[in-house]
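Descriptive structure summary
One letter stands for each residue in the lines below.
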Amino acid sequence: ADGYTSVQVHPDDAYAREHEKDRSGKTEAWYILHAERGAKLIRGTLPGVDRKTFEQALKRRHVERTLDFFEVHAGDVIYLPAGVVHALGPGITIAEIQQNCDTTYRVFDWNRSGLDGKPRELHLKQALDVIRFEEIGPNRHPKKTVSPADPLQENLVTCELFAMDRIVATSPFTLADRPGRFDIITALGGRGRVVWSAG
(Lines give C-alpha, C1' and ligand atoms only; values in the text may rest on other atoms or scores of the structure.)
Protein backbone atom coordinates (compact mmCIF):
# COMPACT_ATOMS: atom_id res chain seq x y z
CA ALA A 1 0.00 0.00 0.00
CA ASP A 2 2.99 2.30 0.32
CA GLY A 3 2.70 5.06 -2.24
CA TYR A 4 -0.81 4.24 -3.45
CA THR A 5 -3.33 7.04 -3.56
CA SER A 6 -6.54 6.48 -1.62
CA VAL A 7 -9.01 4.11 -3.25
CA GLN A 8 -11.83 6.28 -4.49
CA VAL A 9 -14.86 6.42 -6.73
CA HIS A 10 -16.89 9.20 -8.34
CA PRO A 11 -20.65 9.45 -8.90
CA ASP A 12 -22.37 9.62 -12.26
CA ASP A 13 -24.36 12.66 -13.38
CA ALA A 14 -27.72 11.52 -11.99
CA TYR A 15 -26.35 10.71 -8.52
CA ALA A 16 -24.34 13.94 -8.35
CA ARG A 17 -27.40 16.03 -9.24
CA GLU A 18 -29.56 14.29 -6.67
CA HIS A 19 -27.13 14.03 -3.76
CA GLU A 20 -24.41 16.64 -4.31
CA LYS A 21 -24.11 20.28 -5.31
CA ASP A 22 -22.39 19.25 -8.54
CA ARG A 23 -24.32 19.31 -11.79
CA SER A 24 -22.28 16.43 -13.14
CA GLY A 25 -20.52 13.31 -12.04
CA LYS A 26 -17.00 12.38 -13.00
CA THR A 27 -15.86 10.10 -15.76
CA GLU A 28 -12.15 10.23 -16.53
CA ALA A 29 -9.39 8.71 -18.64
CA TRP A 30 -5.71 8.33 -17.88
CA TYR A 31 -2.85 8.40 -20.37
CA ILE A 32 0.18 6.78 -18.75
CA LEU A 33 3.10 9.13 -19.39
CA HIS A 34 5.59 7.17 -17.33
CA ALA A 35 5.54 3.94 -15.34
CA GLU A 36 8.42 2.41 -13.50
CA ARG A 37 8.99 -1.29 -14.08
CA GLY A 38 6.26 -3.29 -12.31
CA ALA A 39 4.17 -0.20 -11.46
CA LYS A 40 0.51 -0.97 -10.87
CA LEU A 41 -2.78 0.82 -10.50
CA ILE A 42 -6.21 -0.27 -9.30
CA ARG A 43 -9.18 -0.28 -11.63
CA GLY A 44 -12.39 -1.87 -10.43
CA THR A 45 -13.02 -4.90 -8.26
CA LEU A 46 -12.15 -8.52 -8.90
CA PRO A 47 -14.62 -10.71 -10.82
CA GLY A 48 -17.29 -12.08 -8.50
CA VAL A 49 -17.07 -9.23 -5.98
CA ASP A 50 -20.50 -7.75 -5.31
CA ARG A 51 -21.78 -5.15 -2.88
CA LYS A 52 -22.19 -7.66 -0.03
CA THR A 53 -18.67 -9.06 -0.47
CA PHE A 54 -17.26 -5.53 -0.64
CA GLU A 55 -19.11 -4.40 2.50
CA GLN A 56 -17.77 -7.41 4.40
CA ALA A 57 -14.23 -6.59 3.25
CA LEU A 58 -14.69 -3.01 4.42
CA LYS A 59 -15.78 -4.16 7.87
CA ARG A 60 -12.82 -6.55 8.14
CA ARG A 61 -10.42 -3.93 6.74
CA HIS A 62 -9.35 -6.20 3.89
CA VAL A 63 -10.62 -4.13 0.98
CA GLU A 64 -7.39 -4.60 -0.98
CA ARG A 65 -8.29 -8.28 -1.41
CA THR A 66 -11.33 -7.29 -3.49
CA LEU A 67 -9.54 -4.81 -5.78
CA ASP A 68 -8.07 -5.48 -9.21
CA PHE A 69 -4.42 -4.44 -9.56
CA PHE A 70 -2.96 -3.98 -13.07
CA GLU A 71 0.57 -3.43 -14.26
CA VAL A 72 0.80 -0.49 -16.65
CA HIS A 73 3.34 0.89 -19.10
CA ALA A 74 3.97 4.25 -20.74
CA GLY A 75 1.43 4.80 -23.51
CA ASP A 76 -1.38 2.77 -21.91
CA VAL A 77 -4.78 4.42 -21.74
CA ILE A 78 -7.13 3.57 -18.89
CA TYR A 79 -10.80 4.57 -19.17
CA LEU A 80 -12.61 5.16 -15.87
CA PRO A 81 -16.34 5.74 -16.21
CA ALA A 82 -18.12 7.11 -13.15
CA GLY A 83 -18.63 4.37 -10.58
CA VAL A 84 -15.34 2.52 -11.12
CA VAL A 85 -13.15 2.33 -8.00
CA HIS A 86 -9.55 3.29 -8.71
CA ALA A 87 -6.20 4.28 -7.27
CA LEU A 88 -2.76 5.08 -8.64
CA GLY A 89 0.26 3.16 -7.46
CA PRO A 90 3.75 4.58 -6.97
CA GLY A 91 6.03 5.23 -9.91
CA ILE A 92 3.27 6.31 -12.30
CA THR A 93 2.80 9.70 -13.97
CA ILE A 94 -0.44 10.33 -15.86
CA ALA A 95 -2.17 12.92 -17.99
CA GLU A 96 -5.83 12.91 -17.02
CA ILE A 97 -8.91 14.15 -18.80
CA GLN A 98 -12.11 14.28 -16.80
CA GLN A 99 -15.50 15.80 -16.36
CA ASN A 100 -15.40 19.10 -14.52
CA CYS A 101 -16.32 17.70 -11.10
CA ASP A 102 -14.47 17.31 -7.82
CA THR A 103 -16.90 15.01 -6.00
CA THR A 104 -14.82 12.12 -4.71
CA TYR A 105 -15.88 9.34 -2.38
CA ARG A 106 -12.91 7.91 -0.51
CA VAL A 107 -13.43 4.18 -0.04
CA PHE A 108 -10.17 3.08 1.57
CA ASP A 109 -7.00 4.87 2.59
CA TRP A 110 -4.72 1.96 3.46
CA ASN A 111 -5.36 2.52 7.20
CA ARG A 112 -3.19 5.66 7.08
CA SER A 113 -3.56 8.74 9.24
CA GLY A 114 -3.92 12.29 7.99
CA LEU A 115 -1.68 15.21 8.95
CA ASP A 116 -3.64 15.55 12.20
CA GLY A 117 -2.85 11.95 13.16
CA LYS A 118 -6.44 10.81 12.65
CA PRO A 119 -7.71 8.56 9.85
CA ARG A 120 -8.96 10.54 6.86
CA GLU A 121 -12.72 10.66 6.31
CA LEU A 122 -14.25 7.84 4.28
CA HIS A 123 -17.50 8.12 2.33
CA LEU A 124 -18.68 4.52 2.45
CA LYS A 125 -22.45 4.95 2.06
CA GLN A 126 -22.09 7.13 -1.01
CA ALA A 127 -19.37 4.91 -2.45
CA LEU A 128 -21.48 1.77 -2.07
CA ASP A 129 -24.38 3.58 -3.75
CA VAL A 130 -22.34 4.36 -6.88
CA ILE A 131 -19.75 1.57 -7.34
CA ARG A 132 -20.27 -0.39 -10.55
CA PHE A 133 -19.21 -3.87 -9.51
CA GLU A 134 -19.88 -5.22 -13.00
CA GLU A 135 -17.17 -2.96 -14.48
CA ILE A 136 -14.11 -5.22 -14.35
CA GLY A 137 -10.85 -5.56 -16.25
CA PRO A 138 -8.21 -2.98 -17.13
CA ASN A 139 -10.24 -1.54 -20.02
CA ARG A 140 -7.08 -0.56 -21.86
CA HIS A 141 -8.43 1.22 -24.88
CA PRO A 142 -7.03 0.05 -28.21
CA LYS A 143 -5.70 2.91 -30.28
CA LYS A 144 -7.64 3.58 -33.49
CA THR A 145 -5.76 5.23 -36.32
CA VAL A 146 -7.65 8.27 -37.59
CA SER A 147 -4.95 9.48 -39.98
CA PRO A 148 -1.83 7.44 -40.85
CA ALA A 149 0.00 10.30 -42.59
CA ASP A 150 2.15 13.00 -40.97
CA PRO A 151 0.73 13.91 -38.56
CA LEU A 152 -0.20 10.45 -37.36
CA GLN A 153 -3.44 10.77 -35.43
CA GLU A 154 -4.79 8.08 -33.12
CA ASN A 155 -8.05 8.12 -31.19
CA LEU A 156 -7.39 6.85 -27.66
CA VAL A 157 -10.80 7.29 -26.02
CA THR A 158 -14.16 8.51 -27.22
CA CYS A 159 -17.21 8.59 -24.98
CA GLU A 160 -20.29 10.80 -24.82
CA LEU A 161 -18.38 13.28 -22.65
CA PHE A 162 -14.97 13.73 -24.24
CA ALA A 163 -12.43 12.37 -26.68
CA MET A 164 -8.69 11.88 -26.28
CA ASP A 165 -6.43 11.74 -29.35
CA ARG A 166 -2.67 11.35 -29.77
CA ILE A 167 -0.91 13.20 -32.58
CA VAL A 168 2.64 12.49 -33.71
CA ALA A 169 3.99 15.13 -36.08
CA THR A 170 7.31 16.00 -37.64
CA SER A 171 5.99 18.98 -39.64
CA PRO A 172 3.41 21.74 -39.10
CA PHE A 173 -0.25 20.77 -39.00
CA THR A 174 -3.59 22.45 -38.31
CA LEU A 175 -6.20 21.48 -35.73
CA ALA A 176 -9.71 22.10 -37.00
CA ASP A 177 -11.81 24.56 -35.01
CA ARG A 178 -14.88 22.82 -33.62
CA PRO A 179 -17.59 25.32 -32.58
CA GLY A 180 -19.06 24.63 -29.17
CA ARG A 181 -16.08 22.52 -28.06
CA PHE A 182 -12.72 23.28 -26.57
CA ASP A 183 -9.43 21.46 -26.92
CA ILE A 184 -6.69 20.87 -24.38
CA ILE A 185 -3.30 20.36 -26.01
CA THR A 186 -0.60 18.63 -23.97
CA ALA A 187 2.93 18.04 -25.21
CA LEU A 188 4.02 14.51 -24.39
CA GLY A 189 7.51 14.84 -25.83
CA GLY A 190 9.68 16.74 -28.25
CA ARG A 191 9.15 20.42 -28.83
CA GLY A 192 6.98 22.64 -30.95
CA ARG A 193 5.29 25.98 -31.37
CA VAL A 194 1.56 26.72 -31.12
CA VAL A 195 0.25 29.44 -33.41
CA TRP A 196 -3.35 30.67 -33.42
CA SER A 197 -5.29 33.51 -35.01
CA ALA A 198 -4.52 35.94 -32.19
CA GLY A 199 -0.82 35.32 -32.00
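Below is a short write-up of the structure.

1. Re the nonpolar core
In this structure, Val7, Val9, Phe54 and Val107 are the most contacted members of the largest nonpolar core, which totals 21 residues. Contributing elements (two or more residues each) for this core: strand 1 (7-9), helix 2 (51-60), strand 8 (105-108) and helix 3 (124-130). Dropping the residues within four chain positions of it, Phe54 is found in contact with Thr45, Val49, Val63, Thr66, Leu67, Val107, Leu128, Ile131 and Phe133. Counting 11 residues, the second-largest nonpolar core is a separate cluster that includes Trp30, Ala35, Leu41 and Ile92.

2. Brief notes about the sheet that holds strand 9 (residues 144-147)
Strand pairing within a sheet occurs via backbone hydrogen bonds; the two strands may be parallel or antiparallel. Strands sit in the order 9-10-11 across an open sheet of 3 strands; the sheet is antiparallel. Looking at strand neighbours, the two that pair on one side only are strand 9 and strand 11 (163-168), the edges of this open sheet. Pairs of neighbouring strands in the sheet enclose a mean axial angle of 35 degrees, with direction left out of account. Two strands pair when backbone bridges link them, and strand 9 and strand 10 (residues 152-158) are joined in this way by 3 bridges, in the antiparallel orientation.

3. Details of the packing of aromatic side chains
Counted according to the given criterion, the structure contains 5 aromatic pairs. Arranged with centres 5.4 Å apart and planes meeting at 45 degrees, the rings of Tyr4 and Trp110 form a pair that is tilted. Note that Tyr4 is positioned in the segment before strand 1 and Trp110 in the loop between strand 8 and helix 3, a separation of 106 residues in sequence. Each member of the aromatic cluster is reached from another via a ring pair, and the members are Tyr4, Phe69, Phe108 and Trp110.

4. Comments concerning the state of the cysteines
Under the defined criterion, the tally for this structure stands at 0 disulfides. Of all cysteine sulfurs in the structure, the one in Cys159 sits closest to Cys101, which takes part in no disulfide; the separation is 14 Å.

5. Structural notes on the sheet that holds strand 7 (residues 92-98)
Strand order in this open sheet of 3 strands is 5-2-7, and the pairing throughout is antiparallel. Each edge of the sheet is formed by a strand with only one pairing partner; in this case those strands are strand 5 (77-80) and strand 7. Between one strand axis and the next, the sheet turns by 25 degrees as a mean value, whatever way the strands run. Note: strand 2 (residues 28-35) against strand 7, 7 bridges, orientation antiparallel. For Glu28, the partnering residue across the bridge sits in strand 7 and is Gln98.

6. Quick look at the pattern of salt bridges
A side chain with one charge may pair with a side chain of the opposite charge, provided their charged atoms come close. Counted under the stated rule, the structure contains 9 salt bridges. In this structure, Glu55 engages Arg51 in a salt bridge whose closest nitrogen and oxygen atoms are separated by 3.8 Å. Here Arg51 and Glu55 lie together in helix 2, a separation of 4 residues that amounts to about one turn. Arg51 gets classed as partly exposed once you look at its relative accessible area, which sits at 36%. Between Arg132 and Glu135 there is a salt bridge; the shortest N-O distance is 3.3 Å. For Arg132, a relative accessible area of 31% puts it in the partly exposed group. For Glu135, a relative accessible area of 14% corresponds to the buried category. A single salt-bridge network, built from bridges that share partners, covers Arg43, Arg132, Glu134 and Glu135.

Procedures and definitions
- Residues numbered from 1 in each chain as written.
- Predicted model: local features only at pLDDT ≥ 70, side-chain atom pairs only at ≥ 80, totals over all residues.
- Heavy atoms only, no water.
- Core = buried A, V, L, I, M, F, W, Y, C linked by side-chain atoms within 4.5 Å.
- Buried < 20%, exposed > 50% of the residue type's maximum accessible area, 1.4 Å probe, protein only.
- Helix = DSSP H or I, 4+ residues; strand = E, 2+ residues; numbered from the N terminus.
- Contact = heavy atoms within 4.5 Å.
- Pairing = 2+ DSSP bridges.
- Axes fitted to C-alpha atoms, helices over the stretch in contact; angles between N-to-C directions.
- Phe/Tyr/Trp six-rings, centres within 6.5 Å; stacked < 30°, edge-to-face > 60°.
- Disulfide = S-S within 2.5 Å.
- Salt bridge = Lys/Arg side-chain N within 4 Å of Asp/Glu carboxyl O.

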